[in-house]
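Each chain, written out:
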Amino acid sequence: MTIDVDQYCEILAPTPFFESFEKEELRSVVEACEPRRLAAREALWAVGEKGDAAFILIDGCVERSYRSHLDGQRVVQFNSPGDVLGLSYLVKSWTHGSAATAPEGTELLKLSRKAFEELFEQGDAAAYRLVDQLAEDLVQEMRDANRRLHDVFGNPAETLRSLRRRVRQT
Amino acid sequence: MTADDQKEGIQEVSLATGLSEVKSIFNNIGLFKGLSGEELGEIVHACKQAHIGPGEVLFEQGDQSDALFIVGHGELEVVGRSEMGEKVVLAILGQGTVVGEMSLIEGGPRSATVRSVSECDIFRLEREAFDKLRAQRRPVAYKVILGLAATVGERRRQTDARIQEVFNDPASHIDAFESQLHEMVGRLRKS
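The rules behind the values
Residues numbered from 1 in each chain as written. Chains lettered and ligands numbered in written order. Predicted model: local features only at pLDDT ≥ 70, side-chain atom pairs only at ≥ 80, totals over all residues. Heavy atoms only, no water. Contact = heavy atoms within 4.5 Å. Buried area = accessible area lost by both parts, 1.4 Å probe. Salt bridge = Lys/Arg side-chain N within 4 Å of Asp/Glu carboxyl O. Polar contact = N/O pair within 3.5 Å; in protein donor to acceptor, adjacent residues only side chain to side chain. Helix = DSSP H or I, 4+ residues; strand = E, 2+ residues; numbered from the N terminus. Nonpolar A, V, L, I, M, F, W, Y, C, P; charged D, E, K, R; others polar. Buried < 20%, exposed > 50% of the residue type's maximum accessible area, 1.4 Å probe, protein only. Axes fitted to C-alpha atoms, helices over the stretch in contact; angles between N-to-C directions. Parallel < 35°, antiparallel > 145°, perpendicular 65-115°, else oblique. pLDDT = per-residue confidence, 0-100. Pairing = 2+ DSSP bridges.

## Let's talk about the interface of chain A and chain B
Thought 1: At the junction of the two partners, chain A supplies 35 residues and chain B supplies 36 residues.
Thought 2: In this assembly, chain A packs against chain B so that about 3600 Å² is buried in total across both faces, 72% of it on carbon and sulfur atoms.
Thought 3: Where chain A packs against chain B, one counts six salt bridges.
Thought 4: Note that B:Glu106 is salt-bridged to A:Arg143, the shortest N-O span being 2.8 Å.
Thought 5: Applying the counting criterion to the chain A and chain B interface returns twelve residue pairs in polar contact (both at pLDDT 80 or more).
Thought 6: Ranked by residue count, the leading element in the side of chain A that touches chain B is helix 4 (residues 125-153) of chain A, at 16 residues.
Thought 7: Across the side of chain A that touches chain B, the residue classes tally to 21 nonpolar, five polar and nine charged.

## Some words on the environment of A:Ser162
Residue and element names in this part refer to chain A.
Thought 1: Within the fold, serine 162 resides in helix 5 (residues 156-169).
Thought 2: In this structure serine 162 comes out as buried when scored by relative accessible area, which is 9%.
Thought 3: Remark: the alpha-carbon pair of serine 162 and aspartate 144, spanning 18 residues in sequence, is separated by 20 Å.

## Looking at the packing of helix 2 (residues 19-27) of chain B against helix 3 (residues 37-46) of chain B
All names here are of chain B.
Thought 1: Interhelical geometry of helix 2 versus helix 3 gives an angle of 100° and a closest axis separation of 10 Å. It follows from the interaxial angle that helix 2 and helix 3 lie roughly perpendicular. Contacts between helix 2 and helix 3 involve Leu19, Val22, Lys23, Phe26 and Asn27 from the former and Gly37, Leu40, Gly41, Ile43, Val44 and His45 from the latter.
Thought 2: Here the residues of the contact of helix 2 with helix 3 are counted per class, giving six nonpolar, four polar and one charged.

## Some points on the confidence of the model for chain B
All names here are of chain B.
Thought 1: When pLDDT is averaged along chain B, the result is 85, and 89% of the positions lie at 70 or above.
Thought 2: Per-residue pLDDT, averaged within each element of chain B, yields its smallest value for strand 1 (residues 11-12) (46) and its largest for helix 4 (residues 127-135) (96).
Thought 3: Overall, residues 11-16 carries pLDDT values under 50, and its contacts beyond four positions in sequence, including any with other chains, amount to 14 contacts.
Thought 4: What the predictor reports for the complex is a pTM of 0.84 with an ipTM of 0.86.

## Observations concerning the pairing of strand 9 (residues 120-126) of chain B
All names here are of chain B.
Thought 1: Within strand 9, seven of the seven residues are buried, leaving the element largely enclosed by the surrounding structure.
Thought 2: Here strand 9 shows two buried faces, one formed by Cys120, Ile122, Arg124 and Glu126 and the other by Asp121, Phe123 and Leu125.
Thought 3: Direction of pairing for strand 2 (residues 48-52) relative to strand 9: antiparallel, over a ladder of five bridges. Note on strand 9: the bridge partner recorded for alanine 50 is isoleucine 122.
Thought 4: Note that strand 4 (residues 67-73) and strand 9 share six bridges and pair antiparallel. Within strand 9, the position partnered with valine 71 by the bridge is isoleucine 122.

Encoded structure:
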């Protein structure tokens, strides 16, 4: 299927992630993507799979679920056009620690790491914009990791209670 | 030299270290992996070089971070405070070690104090200088951010794996957390 670039750009231009992108930069990103359609309950990725792409939501919904040591399974919903999933997989092909599934028919754009690297190598300003966004995410990612580390290893009394509870449950 | 430099006791000096020697130190730093010789040169030129004597404090825990530091020569120690307020040496950093990478993209308080153990030559890359490279759309700045993203991503995954390990096998970690708690209570009683 041929991507209707103009239509995608129109959808994405006003969204929070892409609003700082110049028209040509957004166009470059969209042109580097390939469309991906998911049927209801179809998986975008599963735990343990290697990730090598970021995904931009166009229409529908994706639920990302992961296991939290504090309160079991957590689900984060992505349901606004322009929501971006897996931006960090543009940097490296890490293994997914979460699962992502579409609860309904969903349309996305897939930006592979290879396509991103080509944009970057060409010195395309769109790639630099993506890296700027990545830098924003990094700060949050680092804070979250530090908080989780502190929750578990900085509060031994609370962790001990959780561990004992778990042992009793098994 | 900025007011912050003076506060941190840093004296800017002209080092005898040649550019090629500096480049060879920088070349072995993971954060700068994949940079061309020319790009490494851009980073070196964006850095301030400084010399500090033994026992001098580079920054204190809680200070606002605005720069990354690279050890050129000598040794630094990272000092934190335990829950009881005791000083604990967390790490010794030698040549080619980077301190405070995240300062390049965000401010916020320093998580530990860093001071010199010996005479040290250090390189200071301020966020302001790095932001200039970003504003000029210099590829080197973006390569460094990608390097940073790889490092942070790796650390985050290691953190998650460590936590997962504890909660996947709670029975075999209870003893370790009990001991930690008893030690804390013991120190509290002592103090």
